[in-house]
Amino acid sequence: ERGMKMLEYLERGPWPSYVTELKRTKYPIEAYAEGLARKYTPWLSGSFRVRYVFSGILARRSRDGKFVEIHFRTYAPAGRFYSTSYLRKVVEVAKRYGIGLMEFGGNTGALVLNMIAEKADEAVDAIRTIMGSDVGGSGDTFREFYACPGPALCEFALYDTLHAMDYIRSHPAFYRYLNTQMFPYKIKFKFSGCPMDCATANSRADFALIGTWVGAPEVDQGLFRKMVEEGKINPKEIVDSCPSKAISWNEEKKELNIDGSKCLKAMNCIKKAFPAIRPGRNRKIALLVGAHIQGHFGPKLARAVALLDSVEEIVPFATELINKYMELAPRRHRIGDMIIRRGFKVISEVADKTLPNKTRGTPSSHLRISIGTNLTDDEREMYENWA
Ligand code: SF4
């Protein structure tokens, strides 16, 4: 009864209610309500198997144990661009084997289909043959890769995140781990086209590739002055919005100056004054490692490793680091936990070997994705001593 009251409460209010939506499906909502009231978790971890499928399947049971539905994680297109023909195939599979519930935009990065347990074997076949996709992305494997829409939709994209995700996910060096649980814990790759980091790579990815540039953003002084005259932007606001105090405004010359050596690529000025201020032309991909929410020593932000010129350059580094991770990390430790136990030296050694000529990060350069251009004297000294 208490659970049902909670359901009623969750349907009130002017906003859409997921309870109302779930009632339209075959999802066991009453059993869910009972679990909600008792703080019971419906997940049946590890106790449901489909032959020859080693990851991507999670079972959820109703409180009375009578109903089990299976949550299938399937690989999604980069940037989550679904063609209508693909969506038709998804609907066909879901109608035949599903309970009417799909998740397109969850933060796993995967397209999740909820299926009936008795039909799980057939559902896997249909996902493979009809949709042309596969099931995977849970457990101690690569989790589903995730890229921001990048150049397809966004004027800020500094590299092709969609190509990068497809390239890495289908690369033979990584493809072989997609579905087999061989790591101490999960590994995530995320791709953000610019430092605004819509893929949350800096806080959630073991391997983060974030578009950036070297030096100052580019300023079109004529256009900037025009936007100021038209009252569209206020130079003082632009100056104040810079967290690294890299911007100054010359009132006499009506000129905006940005010190590239101080710029931390916060993008605040670009967001406010685009297109008069744009990212610089010397574009790079910042490689950061070791971020996660779930890990042995708690959540961590990523640490900057190097500035790359192309996504292909990450392959030897990532392959070598994954081998080290499998060799050195205990169960349920993420790459960030390995850095805490073994030191950033593990990363430096792999980078020395595989990225010898690249501008490098420092043990402390968490958010400094403009690696090498903005090191304080202390950081530089620490890095040199460390090396
Ligand atoms: Fe655009 Fe940058 Fe967000 Fe990608 S991360 S969608 S490039 S703002």
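### Quick word on the sheet that holds strand 14 (residues 303-308)
Strand order in the open sheet formed by five strands is 6-7-8-13-14, with mixed pairing between adjacent strands. Edge positions in the sheet fall to strand 6 (146-147) and strand 14, since each has one partner strand and no second. Strand contacts of helix 6 (residues 161-169): strand 6 and strand 7 (189-192), with the helix running at about 160° to strand 7, the strand carrying the most contacts. Of the strands in this sheet, strand 7, strand 8 (207-213), strand 13 (283-289) and strand 14 touch helix 12 (residues 314-328), which is tilted by about 150° from strand 8.

### Considering the side chain of Arg-80
Counting through the fold element by element, Arg-80 comes out in the loop between strand 3 (68-74) and helix 4 (84-97). Apart from the residues within four sequence positions on either side, Arg-80 is in contact with Phe-104, Gly-105, Gly-106, Asn-107, Gly-109 and Tyr-146.

### Regarding the packing of aromatic side chains
Each aromatic ring pair is characterised by the separation of its centres together with the angle its planes make. In the structure shown here, the tally under the stated rule is 15 aromatic pairs. Taking the centre distance of 6.4 Å and the plane angle of 85° together, the rings of Phe-207 and Phe-317 count as edge-to-face. Highlighted residues: Phe-207 in strand 8 and Phe-317 in helix 12, separated in sequence by 110 residues. Each of the two residues, Phe-207 as well as Phe-317, counts as buried. Here the aromatic cluster, defined as three or more aromatic residues joined through ring pairs, consists of Phe-142, Phe-145, Phe-174, Tyr-177, Phe-183, Phe-189, Phe-191, Phe-207 and Phe-317. One Lys or Arg, Arg-334, reaches over the ring of Tyr-185 and ends 5.8 Å from the middle of that ring.

### Examining the environment of Thr-200
Inspection of the secondary structure assignment puts Thr-200 in the loop between strand 7 and helix 8 (201-204). Residue class for Thr-200 comes out partly exposed when judged on its relative accessible area of 34%. Separated by 53 residues in the primary sequence, Thr-200 and Ala-147 have C-alpha atoms spaced 9.5 Å apart. Ignoring any residue separated from it by four or fewer positions in sequence, one finds Thr-200 in contact with Lys-190, Ser-192 and Ala-205.

### A look at the pattern of salt bridges
A side chain with one charge can pair with a side chain of the opposite charge if their charged atoms come near. Under the definition given, this model contains 20 salt bridges. Measuring nitrogen to oxygen at the nearest pair gives 2.8 Å for the salt bridge that ties Arg-334 to Asp-206. Of this pair, Arg-334 sits in the loop between helix 12 and helix 13 (335-342) while Asp-206 sits in the loop between helix 8 and strand 8; the two residues are 128 residues apart in sequence, bridging distant segments of the chain. Each member of the pair Arg-334 and Asp-206 is classed as buried. Between Lys-236 and Asp-240 there is a salt bridge; the shortest N-O distance is 2.7 Å. Residue Lys-236 and its partner Asp-240 are both found in helix 10 (residues 235-240); the two are separated by four residues, about one turn of the helix. Each of Lys-284, Asp-309, Glu-313 and Lys-358 takes part in one network of salt bridges that share partners.

### Focus: the nonpolar core
Phe-142, Phe-189, Phe-191, Phe-207, Ile-314, Phe-317 and Leu-321 are the most contacted members of the largest nonpolar core, which totals 46 residues. Residue contributions to this core peak at eight residues, all from helix 12. When neighbours within four sequence positions are excluded, Leu-321 is seen to be in contact with Phe-207, Val-289, Ile-335, Met-338, Val-346, Ile-347 and Val-350. Membership of the second largest hydrophobic core comes to 24 residues, among which are Val-90, Leu-111, Ala-126 and Ile-127.

### Focus on the side chain of Asp-337
Here Asp-337 shows up in helix 13. A distance of 3.0 Å separates a polar atom in the side chain of Asp-337 from the backbone nitrogen of Phe-297. Aside from chain neighbours lying at most four places away, what touches Asp-337 is His-292, Gly-295, His-296, Phe-297, Lys-300 and Arg-332.

Basis of the calculations
Residues numbered from 1 in each chain as written. Predicted model: local features only at pLDDT ≥ 70, side-chain atom pairs only at ≥ 80, totals over all residues. Heavy atoms only, no water. Pairing = 2+ DSSP bridges. Helix = DSSP H or I, 4+ residues; strand = E, 2+ residues; numbered from the N terminus. Contact = heavy atoms within 4.5 Å. Axes fitted to C-alpha atoms, helices over the stretch in contact; angles between N-to-C directions. Phe/Tyr/Trp six-rings, centres within 6.5 Å; stacked < 30°, edge-to-face > 60°. Buried < 20%, exposed > 50% of the residue type's maximum accessible area, 1.4 Å probe, protein only. Lys NZ or Arg CZ within 6 Å of the ring centre and 35° of its normal. Salt bridge = Lys/Arg side-chain N within 4 Å of Asp/Glu carboxyl O. Core = buried A, V, L, I, M, F, W, Y, C linked by side-chain atoms within 4.5 Å. Polar contact = N/O pair within 3.5 Å; in protein donor to acceptor, adjacent residues only side chain to side chain.

Keep in mind these values describe shape, not function.
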